[in-house]
Amino acid sequence: MRRIVLLALGAALALALRAAAQAPSSATHREVAVPGLDKPVDIVVDQWGIAHIYAASVHDAFFAQGYNAARDRLWQIDLWRKRGLGRLSASFGPAYAAQDRAARLFLYRGDMAAEWASYGADARPEAEAFVAGVNAYVAQVRAGAAPLPLEFKLTGSTPEPWSVDDVVRVRSNGLTRNVDSEVARARVACVAGLGADRLRRKIEPPHPLTTPAGLDPCDVPADVLADYKLATRDVSFAPKGTTAAADDRLHLADLAAEAAAEGSNNWVVAPSRTATGRPILANDPHRTLGAPSLRYIVQLTAPGLSVIGAGEPALPGVTIGHNDRVAFGITIFPIDQEDLYVYALNPANPRQYRYNGGWEDMQVVHQTLEVKGEAPRDIEMDFTRHGPVLKIDPAAHRAFAIRTIWSGPGTAAYFGSAGYLTAANWTDFRSALSHWGAATLNFVYADTGGNIGWIAEGRAPVRPNWDGLMPVPGDGRYEWKGFLSEDELPSAYNPAKGWFATANELNLPPGYPAEARKVSFEWSDPTRANRIKQVLAANDHVSLADSMALQTDDYSITDMRAVALLRGLTSTDPRVSQALDLLRAWDGHVGTDSAAAAIAEVWVNKHLGAAAVQAATPAAARAIVGSGSPDAVISEIELQNATRDYSGPPLSAVLIPSLKSALVELDTRLGPDMADWTWGGIHHATFVPAAAAAADPATRAQMTLGPLELPGSATTPRAATYRMEDFGAIAGASVRMVLDVGAWDNSRVINTPGQSGDPFSAQYRDLFPLWAGGQYVPLLYSRAAVDQAARTVIRLNPGP
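**Structural notes on the overall build of the protein**
Assigned secondary structure in the protein consists of 25 helices and 29 strands. Scaling as 2.2 N^0.38, a compact globule of 800 residues should have a C-alpha radius of gyration of about 28 Å, and the protein matches this with 26 Å. Expressed as lengths along the three principal axes of its C-alpha atoms, the size of the protein is roughly 80 × 70 × 60 Å. Per-residue burial for the protein yields a buried fraction of 59% across its 800 residues. At a minimum sequence separation of 6, the contacts of the protein that also span at least 24 residues come to 73%. Accessible surface, the protein: about 28,600 Å² in total, of which carbon and sulfur atoms supply 54%. Positive and negative charge centroids in the protein, built from 72 and 85 side chains respectively, lie 1 Å apart.

Structure (structure tokens):
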């Protein structure tokens, strides 16, 4: 069945390509007068909704990018800005006041001149042009000259104009790394000791865990990150006819899974190992899935600028893609950029904390919060020398603040990509990244000269006397001593093996002084990386089709490691015996039509870990450790099986009982006949935009996409992380891109669910079935190819 679906999708794509090639004259044309442009700009929208912008100057190109982003995604980018600046209450009412205050804790508050200077001389002019374009479209909407998107009508709100500083002041969209883990580890240490944390998160490279001197882990309360989570959460809306913000329990329940899914795959292959004789670069960043997509694909062409790729629609430029000479891609390289500080407070003054033997005042900031339907509110925020205060506990005389690199200049998430858009070679590219702040990334590189490379970048704090794995006292004993230099982070140029791949795994090179530099000790499960490297190493003739197949590969090394643990085990229960036979005969592919895949996924990721934690973790810590990390749990059982004198609880004893428990759940979900079970029967992709909660049933149905059966899981290269409650997909490839370096029109891409943010546009949902089916569309670069595929041509003329 799966082969039939993929063939049908491929046939549909071939027909679309032929139609595009045969009907360039069918494109619709329209003209719009737009104040702020210097000269006319053409926006050519192809058959797949990708906008190709042709301008007479760099200023006009970025202006048109902003205008076009607003044209296609106004609701999305307006909500991004309001959420990030803490302006939700002004549009949606008092239910959002707490979220607004939390978001404002994480705004950049430093010197704006230093902030802009961090990105280079061109950054501010380009951002100014982009913002001017956004505002030009906002003005048209507010004047009734352009349609008001549906979501504004549903929520009774209107779009707001932007300031150029808004683009870089917002930080809560990029806060990441291990503060959640620090708190969990401290809570486990409090109730059961550090040893009880080993199944929750694997520590790599091997490193001894110790409690920092002066820290009582029991001082760290369970709710210490409430404001942090509130600041970084998505915006939810109330059902129609109610006034409160929608309940967000599901989001918070999925927080750990979503954070784990903030990964990606990328690789570069040298000409010596490709079928094309040119480099191939592939990238598929994994993020929370939804409608519209986090990513937006666009081309910008002007004298001195020729770039195409995917970025976030609220930011100028692109992050992954290529110019005429250089291709670039990213994955998370998990540098630890966060620390939670614990302070002793002055019993006589809860706004003073102990520092270097004395009492230091918190900075208290008052701001006015505009609230729809109410008088403005005064809000109060506290800051220590380390950062925003997340919680004050006057009764315990404790306060807690977070230090992140995000409070320093030059760390607006992904904005630094503007520096490498015009890179012509490795030297240019590396120079453009020399001051990169955030996010922390593996950059892969390829150029038309046949060169490939990798650079790990991000601002990496130097912690001279601790490892960043637990909260620390804020009394002056634990201070950052600057940041690692660019030369202290790893890189590779034209590696001898002829390829390089990353997937958020521990990829510090052999001999790297990991213990001394403490870049990170918490990395993603290596299963995706291991599978990608296994496939690339075995192929010295890599084609574009091979790379697309690898991006959508659904083989799980993690599941197969777990199945190997069952070797030699039997059961007197006929249902368990039947499942054991299916698993032993299984090829490891997590396909939609596989019963064994359904058994393995439900067992490995939900029941095996829970059973192992129940057996090996003290009762007081079980709720914190949860189901543990599959990699940590499987590694622990493998270690026990290989070590005769292992002193821990015998975890192999949980294998058969946990498998039986998984089968009971599958009986409930898929029925009693195991022959009818399939992974696609429970693993679906359904996208419901947040604003749909405020819509009537018919409109909500129009805004909703899916369900579509989806292969893969969090442990396959085709990433498809899911909720444990119902196995619905929550994260995966936001975009997939495979680039033929130098023969650019051969490149392929897929976004999901479509380029448009308008639920009534055909291009809101047209890419969704192709994405779910593992299909791609052309990423056209040359003007001739773009004109052949044109669906709409919008001429922007300078207005009065």
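**What about the pattern of salt bridges?**
For the structure on display, the rule yields 41 salt bridges. The residue aspartate 166 makes a salt bridge to arginine 81 at a minimum N-O spacing of 2.8 Å. Taken together, the residues aspartate 166 in helix α8 (residues 166–169) and arginine 81 in helix α2 (residues 58–85) connect sequence positions 85 residues apart. There is no split in this pair, since aspartate 166 and arginine 81 are both buried. Its salt-bridge partner being arginine 185, residue glutamate 522 comes within 2.8 Å of it at the nearest N-O pair. Taken together, the residues glutamate 522 in the loop between α14 (514–517) and α15 (527–537) and arginine 185 in helix α9 (residues 179–192) connect sequence positions 337 residues apart.

**Some thoughts on the nonpolar core**
Counting residues in each nonpolar core, the largest one holds 178 residues, and the members touching the most others are Phe415, Phe429, Leu536, Trp771 and Leu796. In terms of residue count, α2 provides more of this core than any other element does, 13 residues in total. Those residues in contact with leucine 796 that lie beyond four places of it in its chain are Val32, Val34, Leu37, Lys39, Pro40, Val41, Ile43, Ala64 and Tyr67. Judged by nonpolar contacts, the second largest core, of 47 residues, contains Leu565, Val602, Val613 and Leu666.

**Examining the sheet that holds strand β2 (residues 41–46)**
Strand order in this open sheet of 11 strands is β1-β29-β2-β3-β6-β7-β8-β9-β17-β18-β20, and the pairing throughout is mixed. Across the chains shown, the open sheet's two edge strands, defined by having one partner strand only, are β1 (28–34) and β20 (491–493). Strand after strand, the sheet turns through a mean of 15° between neighbouring axes, direction not considered. Where strand β18 (residues 452–457) lies against β20, three bridges are found, and the strand directions are antiparallel. Bridge pairing in β20 places isoleucine 455 opposite serine 491. Across the face of the sheet, α2 comes into contact with β1, β2, β3 (51–54), β6 (296–302), β7 (305–311) and β29 (790–798) while running at roughly 155° to β6.

**Observations concerning the state of the cysteines**
Inspection of every chain in the model, using the stated rule, returns one disulfide. Through a disulfide, cysteine 190 is tied to cysteine 218; the S-S separation comes to 2.1 Å. Measuring the twist about the S-S bond at about 100°, one finds the cysteine 190-cysteine 218 disulfide to be right-handed. Of the two residues, cysteine 190 is situated in helix α9 and cysteine 218 in the loop between α9 and α10 (226–232); the sequence distance between them amounts to 28 residues. Using a relative accessible area of 44% as the deciding quantity, one classes cysteine 218 as partly exposed.

**Focus: helix α16 (residues 544–551)**
For α16, the complete set of buried residues consists of Leu544, Ser547, Met548, Leu550 and Gln551. Seen from one end, α16 has its buried residues packed into an arc of 160°, which puts them on one side. Here the buried face of α16 lies against β4 (264–269), β5 (280–288), α15, β26 (735–740) and β27 (748–751). Its side-chain oxygen at 3.4 Å from the backbone nitrogen of alanine 545, serine 543 defines the N-terminal cap of α16.

**Things to note about the packing of helix α17 (residues 557–564) against helix α19 (residues 595–616)**
Interaxial distance between α17 and α19 falls to 10 Å at its minimum, and their mutual angle equals 85°. As far as their axial angle goes, α19 and α17 are roughly perpendicular. On α19, the residues that touch Thr558, Asp559, Ala562 and Val563 of α17 are Ala600, Glu601, Trp603, Val604 and Asn605. Looking at the contact of α17 with α19, its residues break down into five nonpolar, two polar and two charged.

**Describing α2**
Spanning 28 residues, α2 covers only 28 Å between terminal C-alpha atoms, well under the ideal 40 Å at 1.5 Å per step. The principal kink in α2, of about 105°, is found at arginine 73. Within α2, 25 of the 28 residues are buried, which leaves it mostly tucked inside the rest of the structure. Note on α2: the residue one or two positions beyond its end, glycine 86, has a positive phi of about 75°.

**Description of unusual backbone geometry**
Cis peptide bonds are those with omega within 30 degrees of zero, and the linkage from alanine 291 to proline 292 qualifies with -5°. Topologically, proline 292 is positioned in the loop between β5 and β6. One non-glycine residue with positive phi stands out, namely asparagine 494, at about 50°. By secondary structure assignment, the location of asparagine 494 is in the loop between β20 and β21 (499–502). For asparagine 494, a relative accessible area of 34% corresponds to the partly exposed category. A positive phi angle, close to 50°, is found at lysine 518, a residue other than glycine. Following the sequence through the fold, lysine 518 ends up in the loop between α14 and α15. In this structure lysine 518 comes out as buried when scored by relative accessible area, which is 14%.

Cut-offs and rules
Residues numbered from 1 in each chain as written. Predicted model: local features only at pLDDT ≥ 70, side-chain atom pairs only at ≥ 80, totals over all residues. Heavy atoms only, no water. Helix = DSSP H or I, 4+ residues; strand = E, 2+ residues; numbered from the N terminus. Rg over C-alpha atoms; globule rule 2.2 N^0.38 Å. Buried < 20%, exposed > 50% of the residue type's maximum accessible area, 1.4 Å probe, protein only. Contact = heavy atoms within 4.5 Å. Areas by Shrake-Rupley, 256 points an atom, 1.4 Å probe, with all protein chains shown as cover. Lys, Arg positive; Asp, Glu negative; His and termini not counted. Charge placed at Lys NZ, Arg CZ, Asp CG, Glu CD. Salt bridge = Lys/Arg side-chain N within 4 Å of Asp/Glu carboxyl O. Core = buried A, V, L, I, M, F, W, Y, C linked by side-chain atoms within 4.5 Å. Pairing = 2+ DSSP bridges. Axes fitted to C-alpha atoms, helices over the stretch in contact; angles between N-to-C directions. Disulfide = S-S within 2.5 Å. Arc of directions from axis to C-beta. Polar contact = N/O pair within 3.5 Å; in protein donor to acceptor, adjacent residues only side chain to side chain. Parallel < 35°, antiparallel > 145°, perpendicular 65-115°, else oblique. Nonpolar A, V, L, I, M, F, W, Y, C, P; charged D, E, K, R; others polar. Expected span 1.5 Å × (residues − 1). Bend = angle between axes of the 7 residues up to and from the residue.

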